[in-house]
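Descriptive structure summary
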Amino acid sequence: MPPSVTGKTSPNNGNYGLNAALTFGVTFSESVLVTGDPRLVLAVDPGGLATQYAVYSGGSGSNTLSFTWSVPSGANDYDGIVVNSTIDSNGGTIRSGTSVDADLNTGIWFTSFVYADGVLPAAPTSIGLTNPATSPSNVATPTFTVGTVNVNDVVTLHNTTNCSGTPMGSNAATGASVDITLSPSLSVSNAYTLYAKATDLAGNASPCSAVSFTYTYDGLAPNVTSYNQPNTGNYSTGQTLTYSFSFSENVTYSTVPNILLGLASGTITVPLASLSGNVGSFTYTIQAGNLDSSSSFSATGFVPNFSDLVGNPMTIWGASTNNVVINSTANLSFTSSIVNFGSVTYP
């Protein structure tokens, strides 16, 4: 009796991408010896694809032979691979130890859940900022919309022109576009130029996108880089105290900020007088009752606070005002008058 096929094994169910190796097994009723390159004939979609073969890859001397096929470019089979009912000897032989040719009939062989995909996804064609609305921003977890992509593709964002390295964010597409939020959150204030790529269920990755989006993250709080206190001296009613500041960046406010001076006579509020970019000044006119003879009183700010142009609040500031004496009191003025009544005669 010639050796005959008693069993067949298919690759594990799943999606196999370009160049993935799939191994099929054929078991005979007894050990067989192989010469040459026998092969299995495969029917793989699309129909115009050249005939595909799983070529003998091992097992001679045993009763189980292996045949291996690599997914070629252009394969796109999502209804299962069909194996022809007969092993193609391809000029080789499969024989028993006594040189009896094996019966090469395997019967029709379906692999319903083995999918072959040798088609790379196209590179995404657009990247847009969704949240926040504008850049620069202090949002550390911005969201971007990426298109055009295929359903089920996993789309990733990268800070490299070839989309290498760990993604900065990813999401699976459920339509022609997908929203991606950066994760983990940004921690370094910088400009990030983002590119996108798509990876399909078979693991095929698209080229890196030609389009990009540059997002500038600003998580740094502005601070005081220099300030000038009022000139050294004694100040009294009607004189002006002026504090001027330079900040680390341009700042703005929604409610006029003040600085607070801790005088011996009580805290006074000094309002913002002017602001241009990163330079501001505060002025206060001494009022009756303002007193401090210590030559060193506190100045703190800012209330309400400044913020930079993306909303980061100013770092709290405080300093001592040195060699400034405030001596203002309400002056009482007395005027004496002499009234001449002329001659007075007493009775």
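For the structure, check the block above.
Residues numbered from 1 in each chain as written. Predicted model: local features only at pLDDT ≥ 70, side-chain atom pairs only at ≥ 80, totals over all residues. Heavy atoms only, no water.

By secondary structure assignment, the location of asparagine 19 is in the loop between β2 (14-16) and β3 (21-28). Put simply, asparagine 19 and valine 34 are 15 residues apart on the chain and 26 Å apart in space, counted from C-alpha to C-alpha. When neighbours within four sequence positions are excluded, asparagine 19 is seen to be in contact with Ser70 and Val71. (Helix = DSSP H or I, 4+ residues; strand = E, 2+ residues; numbered from the N terminus. Contact = heavy atoms within 4.5 Å.)

Within the open sheet, the seven strands sit side by side as β20-β22-β26-β25-β24-β28-β30. Their pairing is antiparallel. With partners counted over all chains shown, the strands left at the sheet margins are β20 (224-228) and β30 (317-322), one partner each. The mean inter-strand angle of the sheet, taken between neighbouring strand axes irrespective of direction, is 25 degrees. Pairing between strand β25 (residues 266-276) and strand β26 (residues 279-285): four bridges, direction antiparallel. Within β26, the residue paired with leucine 272 across the bridge is phenylalanine 282. (Pairing = 2+ DSSP bridges. Axes fitted to C-alpha atoms, helices over the stretch in contact; angles between N-to-C directions.)

A full pass over the atoms with the stated rule returns two salt bridges. A salt bridge links arginine 39 to aspartate 88; the shortest N-O distance between them is 2.8 Å. Within this pair, whereas arginine 39 is found in strand β5 (residues 39-43), its partner aspartate 88 is found in the loop between β9 (81-83) and β10 (93-95), the two being separated by 49 residues in sequence. On the accessibility criterion, aspartate 88 (25% relative accessible area) is partly exposed. A salt bridge links aspartate 101 to arginine 95, with the shortest nitrogen-to-oxygen separation between them at 2.6 Å. In this structure arginine 95 comes out as partly exposed when scored by relative accessible area, which is 34%. (Salt bridge = Lys/Arg side-chain N within 4 Å of Asp/Glu carboxyl O. Buried < 20%, exposed > 50% of the residue type's maximum accessible area, 1.4 Å probe, protein only.)

This next bit is on the sheet that holds strand β14 (residues 143-147). In spatial order, the strands read β13-β14-β17; together these three strands make up an open sheet with antiparallel pairing. Looking at which strands have only one partner, the edges of the open sheet turn out to be β13 (126-131) and β17 (177-181). Strand after strand, the sheet turns through a mean of 30 degrees between neighbouring axes, direction not considered. Where β14 and β17 come together, five bridges link them in antiparallel fashion. Looking at β17, one finds that valine 146 is bridged to valine 178.

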